[in-house]
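Next come the chains, spelled out residue by residue.
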Number of protein chains: 2
Amino acid sequence: MSKIIIIEDDIYLREELVTTFAKKEYSVSGISSFVTPEQEILDSEPDLAVLDINLPGKSGFELCKWLKARSDFPILILTARDTLSDELLALGLGADDFLTKPCHPERLLARVERLLQTYGKMRNIIQVGELTLDTDTYKVIWRNSHVILPETEGKILQILMEQHPSLVDKQDLFSSLWGGSEYVDENILQVNINRLRKSLDTLGLRDIIQTIRGQGYRLEVFRT
Amino acid sequence: MSKIIIIEDDIYLREELVTTFAKKEYSVSGISSFVTPEQEILDSEPDLAVLDINLPGKSGFELCKWLKARSDFPILILTARDTLSDELLALGLGADDFLTKPCHPERLLARVERLLQTYGKMRNIIQVGELTLDTDTYKVIWRNSHVILPETEGKILQILMEQHPSLVDKQDLFSSLWGGSEYVDENILQVNINRLRKSLDTLGLRDIIQTIRGQGYRLEVFRT
DNA sequence: GGTCTTTCTTACACCATCTGTAAGTATTAT
DNA sequence: ATAATACTTACAGATGGTGTAAGAAAGACC
């Protein structure tokens, strides 16, 4: 069954939540240390996180933003802070739902259920602005159209998106793509960048890959 | 920009919602006739629907269920009915969010924005129970694993899922897959069914394709 | 139980696509 | 102007997907 992680410092409420989910046959765990919760959360590879805002150390807002940039499981914010601006901030940071305490367990369960169902359809999706990439199939989605890239082009785009908005060194691309093997033609990267540009051009994405002469490539920042 | 459809019988509120969304550069339209709203909604191919519950004719609940079975855009329920059981019912029928009137426009906009962002990542996804298929790439997801099918196998699975839980006639499969072309070996369907079964077996999905001797195939109904 | 029909399984060869190599052209920096 | 870097196009080998073929297994019917 799905794995849920609870990030909540009130031990009483945390245990209550754990019990609520455990009853429904979820595999559920609570975070107890708030010194460096980030890695603990990522390492547990949850299917969903229930996140409080008022935490010792990093706030739930910061945590939400940090997690959303590095993972693709849904985050449900559950907090006593019930102002509209809190909700707008949370949703703006990528939170998937926002519920206020006290929250009826059935409502929480229903919301969690819905998120799991929605996200169950999307595994291994990364996103930069409006650009979406499925890293299993290398399907690229932008606005209302899509292309399916061959493996090499897809891997290049994946690296560019993961490093966005930083520059990606040519050497990094070489070692990621052809690292283990023996010598390959220096030109191979340019050829594949060229192919990738042509593929993306069919979506109307001209010039989103910038060349930084002598160093490497990077994704152009574009309006969202 | 994204296209939103408003299904709300109170003309006053409807116009207010239309204005709210229009300001944010959404392409927005309202339903005015409630005799047969279903087809009008589908035909407009919206990216999201805002749906009231208390409607003349079919209720919003029925409409939600009907639409969810035939389309894949998100549905946000916006209603004056604020009981928990209404919310649970709506979410259970597949609604993606549930807000009660009166609702602050900013909250509504933020929720809509979030849904559009989430759904923007998932184009052309169909689902039967826990089984998910991307009909562009033929990536099949089940529980925590996935396979990418070759085109022919993927098309067969797509048809079986679209017709589920009905039986699919062998002739239908033949005409869908090899319809236009000249003669093909009768055996080709059996070979590809066999290949598809083996591919799905790598997910632990043994025997989900039933053979109906003399007629065709169908997807086994399994526990969700 | 025997026989006929239908379905399943495995192997093989053709074909399309992807990939790296090569060679030549264009662009940029100094 | 010249050299260095980046781009473009064409080509051939490798890979994986597809239909054909032939025989084995399973089910229906008497």
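Student: Before we move on, could you go through the interface of chain A and chain B and cite the residues and values that matter?
Tutor: Counting residues at the interface gives 35 residues for chain A, matched by 35 residues for chain B. When chain A packs against chain B, close to 3,100 Å² is buried across both sides, 52% of that on carbon and sulfur atoms. Residue A:Arg111 is joined to B:Glu87 by a salt bridge in which the shortest nitrogen-to-oxygen separation is 2.9 Å. Scanning the region where chain A abuts chain B turns up 24 residue pairs in polar contact (both at pLDDT 80 or more). When contributions to the side of chain A that touches chain B are tallied by element, the ones reaching two or more residues are α4 (84-92), β5 (97-100), α5 (105-120), β6 (125-128), β7 (131-134), β8 (139-142) and β9 (145-148) of chain A. Take the side of chain A that touches chain B: its biggest share by element is 9 residues, from α5(A). For the side of chain A that touches chain B, the residue count by class is 11 nonpolar, 10 polar and 14 charged.

Student: An account of the protein's contact with DNA strand D is requested, with residue identities and associated values reported.
Tutor: In the vicinity of DNA strand D lie 24 residues, with A:Lys170, A:Asn194, A:Thr211, B:Trp178 and B:Arg195 positioned nearest. Atoms of DNA strand D within 4 Å of the protein belong to the sugar or the phosphate in 56% of instances, the rest to bases. Between DNA strand D and A:Thr211, the relevant distance is 2.7 Å, taken from a phosphate oxygen to a side-chain nitrogen or oxygen of the residue. Ranked by residue count, the leading element in the surface near DNA strand D is helix α8 (residues 187-201) of chain A, at 7 residues. Of the residues assigned to the surface near DNA strand D, the class counts are 7 nonpolar, 8 polar and 9 charged.

Student: Describe the protein's contact with DNA strand C, naming the residues involved and giving the relevant values.
Tutor: Every one of the 24 residues lining DNA strand C counts as a neighbour, but A:Trp178, A:Arg195, B:Gln190, B:Asn194 and B:Thr211 are closest to it. Measuring from a phosphate oxygen of DNA strand C, one finds a side-chain N or O atom of B:Lys170 at 2.8 Å. Interatomic distance of 3.0 Å between a side-chain N/O atom of B:Lys198 and a phosphate oxygen of DNA strand C. Every element with two or more residues in the surface near DNA strand C is listed here: α6 (151-163) and α8 of chain A together with α8 (187-201) of chain B. The greatest single-element share of the surface near DNA strand C, amounting to 7 residues, is contributed by α8(B). When grouped by side-chain class, the residues that make up the surface near DNA strand C number 7 nonpolar, 8 polar and 9 charged.

Student: Let's hear about the pattern of salt bridges: which residues, and what values?
Tutor: Going through the model one piece at a time under the given rule, you end up with 30 salt bridges over all chains. A salt bridge links A:Glu38 to A:Lys58, with the shortest nitrogen-to-oxygen separation between them at 2.8 Å. Taken as a pair, A:Glu38 in helix α2 (residues 37-43) and A:Lys58 in the loop between β3 (48-51) and α3 (60-70) lie far apart in primary sequence, 20 residues in all. A relative accessible area of 13% means that A:Glu38 is categorised as buried. Accessibility expressed as a relative area gives 29% for A:Lys58, which makes it partly exposed. Where A:Asp201 meets A:Arg206, a salt bridge forms, and the shortest distance between an N and an O atom there is 3.2 Å. Assessed through its relative accessible area of 59%, A:Arg206 is described here as exposed. One network of salt bridges, in which partners are shared, links A:Glu87, A:Asp97, A:Arg107, A:Arg111, A:Arg114, B:Glu87, B:Asp97, B:Arg107, B:Arg111 and B:Arg114.

Student: Tell me about the relation of the copies chain A and chain B, and name the residues and values.
Tutor: Overlaying chain A with chain B gives an RMSD of 0.5 Å, the required rotation being 180° about an axis along which the chain moves by 0.1 Å. Considering both components of the superposition, the chain copies are consistent with a two-fold axis. The overlap is high: 100% of the interface residues of chain A also sit at the interface in chain B, so the same surface is used on both sides.

Student: For unusual backbone geometry, give the residues involved together with the corresponding values.
Tutor: The omega torsion of the bond from A:His164 to A:Pro165 falls at 5°, within 30 degrees of zero and hence cis. Position of A:Pro165 among the secondary structure elements: in the loop between α6 and β10 (168-169). Residues B:Lys101 and B:Pro102 are joined by a peptide bond in cis, for which omega reads -5°. Topologically, B:Pro102 is positioned in the loop between β5 (97-100) and α5 (105-120). Phi is positive for A:Arg143, close to 50°, though the residue is something other than glycine. Residue position: A:Arg143 is located in the loop between β8 and β9. Phi is positive for B:Asn124, close to 60°, though the residue is something other than glycine. Mapped onto the fold, B:Asn124 is located in the loop between α5 and β6 (125-128). Among the residues examined, B:Asn124 registers a relative accessible area of 32% and is labelled partly exposed.

Student: Before we move on, can you summarise the packing of α4(A) against α5(B) with the specific residues and values?
Tutor: Two elements in contact, α4(A) and α5(B), have axes whose closest approach is 10 Å; the angle formed by their N-to-C orientations is 15°. Relative to α5(B), α4(A) is oriented roughly parallel. Like other packed secondary-structure pairs, α4(A) and α5(B) cross with a definite hand, here left-handed. Here A:Leu84, A:Glu87, A:Leu88 and A:Leu91 of α4(A) come into contact with α5(B), specifically with B:Glu106, B:Arg107, B:Ala110, B:Arg111 and B:Arg114.

Student: So what's going on with the sheet that holds strand β11 (residues 209-212) of chain B? Residues and values would help.
Tutor: Residue and element names in this part refer to chain B. On the basis of which strands lie adjacent, the open sheet formed by 3 strands has the order β10-β12-β11 and antiparallel pairing. Since the sheet does not close on itself, it has two edges, and those belong to β10 (168-169) and β11, each with one partner. Bridging between β11 and strand β12 (residues 216-219) involves 4 bridges; their strand directions are antiparallel. Note on β12: the bridge partner recorded for Ile212 is Gly216. Against the sheet, α8 touches β11 and β12, its axis set at about 150° to β11.

About the thresholds
Residues numbered from 1 in each chain as written. Chains lettered and ligands numbered in written order. Predicted model: local features only at pLDDT ≥ 70, side-chain atom pairs only at ≥ 80, totals over all residues. Heavy atoms only, no water. Contact = heavy atoms within 4.5 Å. Buried area = accessible area lost by both parts, 1.4 Å probe. Salt bridge = Lys/Arg side-chain N within 4 Å of Asp/Glu carboxyl O. Polar contact = N/O pair within 3.5 Å; in protein donor to acceptor, adjacent residues only side chain to side chain. Helix = DSSP H or I, 4+ residues; strand = E, 2+ residues; numbered from the N terminus. Nonpolar A, V, L, I, M, F, W, Y, C, P; charged D, E, K, R; others polar. Near = heavy atom within 4 Å. Buried < 20%, exposed > 50% of the residue type's maximum accessible area, 1.4 Å probe, protein only. Least-squares fit on C-alpha atoms with pLDDT ≥ 70 in both. Axes fitted to C-alpha atoms, helices over the stretch in contact; angles between N-to-C directions. Parallel < 35°, antiparallel > 145°, perpendicular 65-115°, else oblique. Left-handed = near helix turned anticlockwise from the far one by under 90°. Pairing = 2+ DSSP bridges.

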